[in-house]
Each structure stands twice: as C-alpha cells, then as structure tokens.
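# An overview of the molecular structure
One-letter residues, chain by chain:
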Amino acid sequence: MAKRSSIKIRSKRFADHTLVRTLIAHPMETGLNKDKDTGELIPEHYIQSLTFSHNGKLMSECHLGFGISKNPFFSFKLKSAQAGDTVVISWQDNLGYSDTLEHHIQ
Amino acid sequence: MFTKRRHFLRQIITLSSYTTGLIFSKVSLGNWLASDFSKQAIDATLKQQFGDQILLTTPKIKLKLPRVAENGSVVPITITSSIDNIDTVYIFAEKNPVPFIAKFSIAPELETFIGARFKMKETCDVIVVVHADGQYYQTRQRVKVTLGGCGG
C-alpha cells in the first residue's frame, strides 16, 4: 500500500440496524483563517460532496460547505445489512482532489 | 386559439410536475451549487432554499447537540426523526458567516439517523430542516459557544 487512504470506515451490526461511521482526514479550510507564520489568508479547501453507497446502491449524497469541522466525521444507520456487504464512501473537494474507500461489513 | 394555448400550458405544467417528481424520487441531490453556500444572513439562506414554503415546526425531529460547546470548531450533532419518508435533511447554523452547513439525501434503506460534526462561530440556534412527502419540517436548538473558555 503506497499511501494510506484519507478515509476510515468502521461498521457495527446491531439487531435492527448497522451503524456505519466514517472519519475523513481533511483540513476543511474556510478561507478566513490566517497562516500564523506569514500572516496570509489560507485559501479555501473543503469537501464539497460526499457519497455513501451500500452494495453499489447510492444511500446518501451529501453537499457540504466549510461549516463542517476539520477532519469530518459522519455516521449513518443502514436498516438491513449482512456480513460481507460492501460500503463505499467517496468525497470530492473544491480543489479537485478526491478519495474513495471500500469497506466490508464484518 | 385561447383554448389551444391553455391546453399547451396545461401540458407543460403536467410535464414539469412529472419530471420534478422523478428528480425528487432519486437519492441524488444534483450538482453542488456555490450559491447554496454564499455568505448571507440566515433569512436569505432559508428563503433561497425553500422559497415561500412553510417550514412546520415539529417535535418529531430529535437533535442531540451539546447545550454548551466549549470549542465552536467541533460541535457534534446527531439527528434522528420519527417522521416517515424523509428524503432530505438540511443543517443550518443561524449566525455563521455561511449559515448553510450541509444537506444530506437519505435513501429509504437508511434509517433517519445522521451524525456529523460542524463549526459554529458564536452562540446561536442550530436549525434542522427535513423534507418528507412534499412537506418541510423544522426544529431548532440553541447552542452556547464558549470559545477558548472566555465566552459568557
């Protein structure tokens, strides 16, 4: 593995639902903060859209602004999921970067 | 001639309502729009998002929010609701420079449950709006932000 993914996914199956939690490493800069050394404004850099799919079917699409915290965390609950199901989370930011991670429910 | 025009207009209306119905039945939210996230007051943002739609205040949306957020840059929120057929959830922070925080679409296979963490500039109301069966519902909760421990 050359580079660690920016996304971490954890899932836990309960009797009536499956909890999926995700943590993304991202600065989420608002464009309002100043660099402490140079005093210049740090340009905006934030995730604009995030998608969450289960077994290839889109479950949720999120449109985000920079009001979301640095290193964003999200959680979702699937009504029914089996062990071995795939969950895919992907994001795209305003500078054109993106990342995707596939996770298998235990 | 007038009847023809009326007929034509009626066709357009039926067609457009049909296509909007199609769009709303999908999970996709469409393109990310910069105008959604413009720097403006909360009233302008709500007006832009919902137009003249009535936002019914309901106790059926439950928010899990801290009453006092020690650090405004990380405010955890959990949204659950007992309203059926929710397809979209919106989060706003009243006094943020950009009040629109995020919107989430929800597929029927998902429970109405969203956890997230967002930023708050100062003490204000957090407004959550959900869309279900063509109706908007809202609820709000005040969060006190004590930045760096020097706030009131």
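Here is a short report on the structure shown in this document. Keep in mind the model is a prediction, meaning the values are calculated, not measured.

### A look at the pairing of strand β6 (residues 86–93) of chain A
Moving residue by residue along a regular strand, the side chains alternate between the two faces of the sheet. Residue and element names in this part refer to chain A. Burial of β6 is extensive: 6 of the 8 residues sit out of reach of the surface. Inspection of the sheet shows strand β3 (residues 47–54) paired to β6 by 7 bridges, in the antiparallel sense. Following the sheet pairing, S49 is matched in β6 by Q92. Pairing geometry for β6 and strand β7 (residues 98–104), over 7 bridges, is antiparallel. Bridge assignment links I89 to a residue of β7, and that residue is L101. Linkage of β6 to β7, two consecutive antiparallel strands, is achieved through a turn of 4 residues, within which G96 is found at a positive phi near 90 degrees.

### Notes on the interface of chain A and chain B
With 32 residues of chain A at the interface, the matching set in chain B holds 31 residues. Looking at the side of chain A facing chain B, the largest losses of area belong to E61, H63 and K77 of chain A, adding up to 25% of the total buried there. Here chain A and chain B share 1 salt bridge between them. A salt bridge links E109 of chain B to K57 of chain A; the shortest N-O distance between them is 2.4 Å. For the pair chain A and chain B, the interface holds 20 residue pairs in polar contact (both at pLDDT 80 or more). Sorting the residues of the side of chain A that touches chain B by element identifies β2 (18–24), β3, β4 (57–64) and β5 (73–78) of chain A as the ones contributing at least two each. Examining the composition of the side of chain A that touches chain B, we find that 8 residues originate from one element, β4 of chain A, more than from any other. Residue composition of the side of chain A that touches chain B, by class: 16 nonpolar, 10 polar and 6 charged. As paired strands, β5 of chain A and strand β7 (residues 110–118) of chain B are joined by 4 bridges and run antiparallel to one another. Bridge pairing in β7 of chain B links F74 of chain A to A116 of chain B.

### Considering the pattern of salt bridges
Residue and element names in this part refer to chain B. Evaluation of the coordinates by the stated rule reveals 5 salt bridges over all chains. Between D36 and K103 there is a salt bridge whose closest N-O contact spans 3.7 Å. Placement of D36 in the loop between α1 (2–25) and α2 (42–50) and of K103 in strand β6 (residues 100–105) is noted, with a sequence separation of 67 residues between them. Assigned by exposure class, D36 and K103 land together as buried. Note that D125 is salt-bridged to R142, the shortest N-O span being 3.1 Å. Separated by 17 residues along the polypeptide, D125 in strand β8 (residues 124–132) and R142 in strand β9 (residues 135–145) bring together distant segments of the chain. Classification of R142 as partly exposed rests on a relative accessible area of 48%. Linked through salt bridges whose partners overlap, the residues forming this network are D125, R140 and R142.

### Comments concerning the environment of M120 of chain B
Residues and elements named next belong to chain B. Mapped onto the elements, M120 comes out in the loop between β7 and β8. Overall, the relative accessible area of 4% leaves M120 in the buried class. Taking the C-alpha atoms as reference points, M120 and N96, separated by 24 residues in sequence, lie 6.2 Å from one another. Contact partners of M120, with chain neighbours within four places excluded, come to G72, V75, N96, V126, V143 and V145.

Definitions and cut-offs
- Residues numbered from 1 in each chain as written.
- Chains lettered and ligands numbered in written order.
- Predicted model: local features only at pLDDT ≥ 70, side-chain atom pairs only at ≥ 80, totals over all residues.
- Heavy atoms only, no water.
- Buried < 20%, exposed > 50% of the residue type's maximum accessible area, 1.4 Å probe, protein only.
- Helix = DSSP H or I, 4+ residues; strand = E, 2+ residues; numbered from the N terminus.
- Pairing = 2+ DSSP bridges.
- Contact = heavy atoms within 4.5 Å.
- Buried area = accessible area lost by both parts, 1.4 Å probe.
- Salt bridge = Lys/Arg side-chain N within 4 Å of Asp/Glu carboxyl O.
- Polar contact = N/O pair within 3.5 Å; in protein donor to acceptor, adjacent residues only side chain to side chain.
- Nonpolar A, V, L, I, M, F, W, Y, C, P; charged D, E, K, R; others polar.

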